[in-house]
Each structure stands twice: as C-alpha cells, then as structure tokens.
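Residues per chain are reported as follows:
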Amino acid sequence: MLRDILYNLHEETTLSKLIQAVRGMNDILPIQTPLWQHIETTVHEVLTSYGYQEIRMPLLEKTELFSRSIGEVTDIVEKEMYTFTDRNGENLSLRPEGTASCVRAGIEHGLFYNQIQRLWYQGAMFRHERPQKGRYRQFHQIGAEVYGLAGPDIDAEMILLTARLWQKLGLTDLELQVNSLGSAEARQVYREQLVTYFSQQQSQLDEDSQRRLQTNPLRILDSKNPAMQELIEKAPNLLESLDNESQTHFDQLLALLKQAGIAYRVNPRLVRGLDYYNRTVFEWVTQSLGAQGAVCAGGRYDRLVEQMGGRSTPAVGFALGMERLVALFEQTTGLLDHSPEVYLIIAENAVSQGLCLAEMLHTALPKLRLMSHCGGGSLKTQFKKADKSGAKLALILGEDEIATHQVTLKHLRQDLPQQKIAQTELADYLRSLS
Ligand code: HAM
C-alpha cells in the first residue's frame, strides 16, 4: 500500500516535470505514418506524372516576405505568424504557407525568366491559430504552383489533377467550390460596394466583421458566424462586378471542367484568406471533418511575382492540408498496416547465422517486411514477440535447422501445420506468398 502511494507520488512528480509538445504541434506516431507515406507517395506520383518538379524552400524567411505577399491586413500576418528577431537583429518568421517562398525562390534563381515552371513542395507550415480538430499550429501542406501560364486551361488542369488524386486515394466526399475574384481593379470597385452595404448594417455586424469592415471587407463574406449569414446572403455579389476578361476566363474554366466531367459549385462567397489572389479561386471541401472542411485550396495570383520584384508572370497554385487529408482517408479506409510480414526467431547460439539468413532475404526480397529477433531470449519469449509484432509468419532458426540448412515455418494467424523448408528455397517460397 505504502509502496503504491510512494510509486504514484513518484509518477506524478515525474509527469509534472515532463516537457510536452507545444500546443497545436503534433507528433505523428508510427501507427499513423503509413497513412502519411501512402498519401505523400500518391501525391508525388500524380504531380510527377503531370510534369511537376519538386522545389525545397527554407522554413524561415524574412517576415517582410509574408507581410508583402499574403497581405498586411490578413489574419495570418496580423495575428498568426511565429515571428522573432534573430541574433543579428533580423526580423524572421516561420513560414505560414509555401506560395510566398516559392515566388521568392523563383525570382531569386531566375526560374521565371521566359520559362514555364510547374513546381511542387511539401512540409511543415506554422500558424498561431486556435487549435481544434483539423486546425493546428504546425501543419503540413503539399503545394503545387505553375508560373508563366495565364489561360484557364492550366487552372482546369490543376483541378483535374486534384480530382485524380481523390480518385486514386478513394476519397469521394469532396465538393469542388469555385469562384472568380476578378481583376484587382474590379475587386476595388466591389470592395467599395461592400463597404457601403455593410456600413448601412453596421449594428448587425459582429466584432470580427466590424474590424474587417475597416481592414479587409471581403473577408466578412467568409464569416462562419450563423448570426451573420442572412446579412451576407443579401450582400452584393462579387460575380456581378467581374471585369469582362475575368468573366470570359471564368466561363472558359467552367466549360472546361464541365467537358471533363468534373462537378463543381460556384460559391460567390469564396474569397480566400490571403490577399494575393485574382480571378480563379477554388477549394475542395468535405462535410466529413466538421468545421475544418477545406482539404485543398488555391487559385490564381497573377500579380504577385511582379509585386515581389520579379517580371510580370501569371501564376496559379494550390496547397492541400495533409492533416485533413489523412483524417479523411482514415475515416474512409482505416489505418494502413505496416507491421512486419515475417518474424525471424533466432536461437541464442545462432545469432550470426540468423542475421546472415535475414540479409539474404532482404537482398532477394527488398520489399518484404522482415523483422529479425534481436536481444536473445528463449524461443517461447521470441514467439510471443513474433505474435505481438503482427507478423503473419514466423521463421524459426534453431540448432536443428542450422544442422540441416533448413528453417521452420509457422503460420501465426492461420491454423496450418508447421513445416520445414530448405534455406535455399526460402526466398522463392516467401515470394510465392505475396
Ligand atoms: P490555405 O487555404 O491557407 O492556402 O491553406 C491550404 C490548405 O492547408 C487548407 O485548405 C487546409 O487544408 C490546410 N491548412 C491551412 N491552415 C491549416 C491549419 N492551421 N491546420 C491544418 N491545416 C491547415 C494556402 O496556404 C495557399 N498558399 C494555397 C495556394 C498555393 N494558393 C496558391 N498556391
């Protein structure tokens, strides 16, 4: 009894000293990583098959890069960036997204000069948001960006590429929402209409929208507050103030999507939270994940390269949120099993022969998930470990087997008789099982 109390006390004091992960920043544990790897590999394969090349950018950039591209009065720049001054007095930020860095890298390395670029990147992004299901402070994106193409064909191709991804991943509960933000000039006119409309209804605006009315009125349309929905419903429609060229661009995009058999919903309230967009914007949204339903989002940003000091270069891109995609995939398909297929049990005096046998199998069957027992112990303990490992088959290498150049096979999940097999035939036998 006293021992239990002392033990619990010890546990509590140890726990209180434990350093835990930063709120909103997750460990991705081994049970989850097979899902991540599967999705990442599928996305890489699809992007490569459409001619995209990988680019890797730093996690840290000058803060100014983000404030100038994403926009001074966006939520991300105003209140969500992890910003600090480094030892040289430079103002730096952890990247909250990848597009700004991609543009910076492209300009810096002359990638946009008379060239079309199809690029992709992946990695951690950081936003100091209020953590909840599907929304984290460190999260992961795979992004794709195309530079040098202005027409709606590339917008359509990008959307088709993402649709192919969902199909490959077996995801069905995803709705494509599209909108056009028009040209910067047309949006300015619309912005004024919105300010006039919402100013007349100022008493009905919630606190957030009051603030946005001064800073970024388009974002009021994005409000999720149910009390605001009726007001938003009646607000002037952005699509009605599109400039002619943007209207044609949008009509052509919709026609291409229709011809390709891609279902979509035009959502005139889709305005996106970053300032750099013009014309096409789109999001793939699911109802299966609760409030954080946007799994993939992007659009056109034809002005950004020039605005950041490069030559005028049309651009379009998207990023998908890995955490949300993994959650959706897990809901649809379940976890993926990467436990060993085969567990090699090695008698204590046969360690070197055991390791050599395992090496021979790893060479012959590079994809086989074979775990060799290490750490000694009786055959009984090793069997328990084999069972716990999830393996379907145990190979036993004991003294008898060494003497006869054989191994014993035991099926761990099926009621089949144990059998002996020559070591020289083992690789072929295992190959025949897969
Ligand atoms: P975004 O809409 O801010 O766009 O993010 C893209 C996706 O990243 C979202 O749809 C969501 O799946 C995921 N995401 C964003 N924030 C979080 C979070 N806090 N926790 C978990 N997942 C999150 C961009 O970042 C643009 N750079 C996309 C783009 C590329 N536009 C043109 N090119």
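Details of the structure are given in the entry above.
Cut-offs applied
Residue numbering note: each chain is counted from 1, following its sequence as written. Given that this is a predicted model, residues contribute local features only at a pLDDT of at least 70 and side-chain atom pairs are listed and counted only at 80 or more, while totals for whole chains, interfaces and linings are drawn from all residues. Working from all heavy atoms in the structure, the side-chain values ignore hydrogens and water. Two strands pair under a simple rule: DSSP has to find at least two bridges between them. Numbering of helices and strands runs from the N terminus; a helix is a DSSP stretch of H or I covering at least four residues, while a strand is a stretch of E covering at least two. Only heavy atoms enter the contact rule, under which two residues are in contact if any of them lie within 4.5 Å. Note on geometry: axes are C-alpha line fits, over the in-contact stretch for helices, and angles between N-to-C directions span 0 to 180 degrees. Any residue with at least one heavy atom within 4 Å of a molecule or strand is counted as near it. Two N or O atoms count as a polar contact when they lie within 3.5 Å, although within protein this holds only if one can serve as hydrogen donor and the other as acceptor, and sequence-adjacent residues are included solely when both atoms are side-chain atoms. For every accessible area listed, the method is Shrake-Rupley and the probe measures 1.4 Å; residues are considered covered only by the protein chains on display. Side-chain classes follow a simple rule in which Ala, Val, Leu, Ile, Met, Phe, Trp, Tyr, Cys and Pro form the nonpolar group, Asp, Glu, Lys and Arg form the charged group, and the remainder, Gly included, forms the polar group. In what follows, roughly perpendicular refers to angles from 65 to 115 degrees, roughly parallel to angles under 35, roughly antiparallel to angles over 145, and oblique to any angle outside these ranges. If you view the pair so one helix is near and one far, a crossing is left-handed when the near helix is turned anticlockwise from the far one by less than a right angle, and right-handed when it is turned clockwise. Here a cavity denotes a set of grid points, spaced 1 Å apart and computed over the protein atoms alone, in which a 1.4 Å probe fits but from which it cannot get out, and a pocket denotes an open set meeting protein on both sides within 12 Å along at least five of seven lines; residues with an atom within 4 Å of a point are reported as lining. Grid points are joined across faces, edges and corners, and a volume is the space filled by probe spheres set on the points. Helix span is expected to be 1.5 Å times the residue number reduced by one. Relative accessible area decides the class of each residue, using a 1.4 Å probe on protein chains only: under 20% of the type maximum gives buried, over 50% gives exposed, and in between gives partly exposed. Arc definition: directions from the helix axis to the C-beta atoms.

Comments concerning the sheet that holds strand 1 (residues 53-54)
The strand order across the open sheet formed by eight strands is 1-5-6-11-10-9-7-8, and the pairing between neighbours is mixed. Where the open sheet ends on each side, the last strands, each with one partner, are strand 1 and strand 8 (265-266). The pairing of strand 6 (residues 138-147) with strand 11 (residues 315-321) spans seven bridges and is classified as antiparallel. Following the sheet pairing, alanine 144 is matched in strand 11 by phenylalanine 318. The sheet contacts of helix 6 (residues 152-169) involve strand 5 (117-126), strand 6, strand 7 (175-180), strand 9 (278-285), strand 10 (294-300) and strand 11, and relative to strand 11 the element is tilted by about 20°.

Brief notes about the sheet that holds strand 3 (residues 83-85)
Across a sheet, paired strands are connected by hydrogen bonds in the backbone, their directions being either parallel or antiparallel. Ordered in space as 2-4-3, the three strands form an open sheet in which the pairing is antiparallel. The open sheet has two edge strands with one neighbour each: strand 2 (60-62) and strand 3. The sheet shows a mean angle of 35° between the axes of neighbouring strands, taken without regard to direction. Inspection of the sheet shows strand 2 paired to strand 4 (residues 91-94) by three bridges, in the antiparallel sense. Among the inter-strand pairings, lysine 62 is bridged to a residue of strand 4, identified as leucine 92.

Points about the site of the ligand
In the neighbourhood of the ligand, 26 residues make up the surrounding shell, with Glu97, Glu129, Glu145, Tyr277 and Ala294 lying closest. A distance of 2.8 Å is found between a nitrogen atom of the ligand and a side-chain nitrogen or oxygen belonging to threonine 99. Here the ligand loses 96% of its free accessible area of 650 Å² to cover by the protein chains. Breaking the shell around the ligand down by element, the ones donating at least two residues are strand 6, strand 10 and strand 11. Looking at which element gives the most residues to the shell around the ligand, the answer is strand 10, with six residues. In the shell around the ligand, the residues fall into 12 nonpolar, seven polar and seven charged.

A look at the packing of helix 2 (residues 33-49) against helix 6
At a closest axis distance of 10 Å, the pairing of helix 2 and helix 6 adopts a crossing angle of 140°. In this view, helix 2 runs oblique relative to helix 6, as classed from their interaxial angle. Relative to helix 6, helix 2 is oriented so that their crossing is right-handed. Contacts from His38, Ile39, Thr42, Val43, Val46 and Leu47 in helix 2 reach Leu161, Arg164, Leu165, Lys168 and Leu169 in helix 6. Of the residues that constitute the contact of helix 2 with helix 6, the class distribution is seven nonpolar, two polar and two charged.

Details of the layout of surface pockets
Computed from the structure, the second largest pocket encloses a volume of approximately 530 Å³. Together, 25 residues line the second largest pocket, and Arg187, Asn216, Asp275, Tyr276 and Tyr277 are the ones closest to its centre. Elements with a minimum of two residues in the lining of the second largest pocket: helix 3 (63-69) and helix 7 (184-200). Here the element with the most residues in the lining of the second largest pocket is helix 7; it accounts for four residues. Class assignment of the residues belonging to the lining of the second largest pocket gives a composition of nine nonpolar, eight polar and eight charged.

Topic: helix 13 (residues 351-364)
With 14 residues, helix 13 should cover 20 Å at 1.5 Å per step; its first-to-last C-alpha distance of 20 Å lies within 8% of that length. Looking at helix 13, one finds that the buried residues are Gly354, Leu357, Ala358 and Leu361. Down the axis of helix 13, the buried set is contained in an arc of 100°. They therefore lie on one face. Facing away from the buried side of helix 13 by over 90 degrees, the exposed positions are Cys356 and Thr363. Buried residues in helix 13 make contact with strand 12 (342-346), strand 13 (370-372), strand 14 (393-397), strand 15 (406-411) and helix 16 (423-433).

Focus: the pairing of strand 9
Of all eight residues in strand 9, eight are buried, a share of seventy percent or more. Pairing geometry for strand 7 and strand 9, over six bridges, is antiparallel. Across the sheet, the residue bridging to glutamine 177 is glutamate 283, located in strand 9. Across six bridges, the pairing between strand 9 and strand 10 is antiparallel. Considered in strand 10, the bridge of valine 281 is made with glycine 299.

Take it as geometry only, folks, not as evidence of what the structure does.
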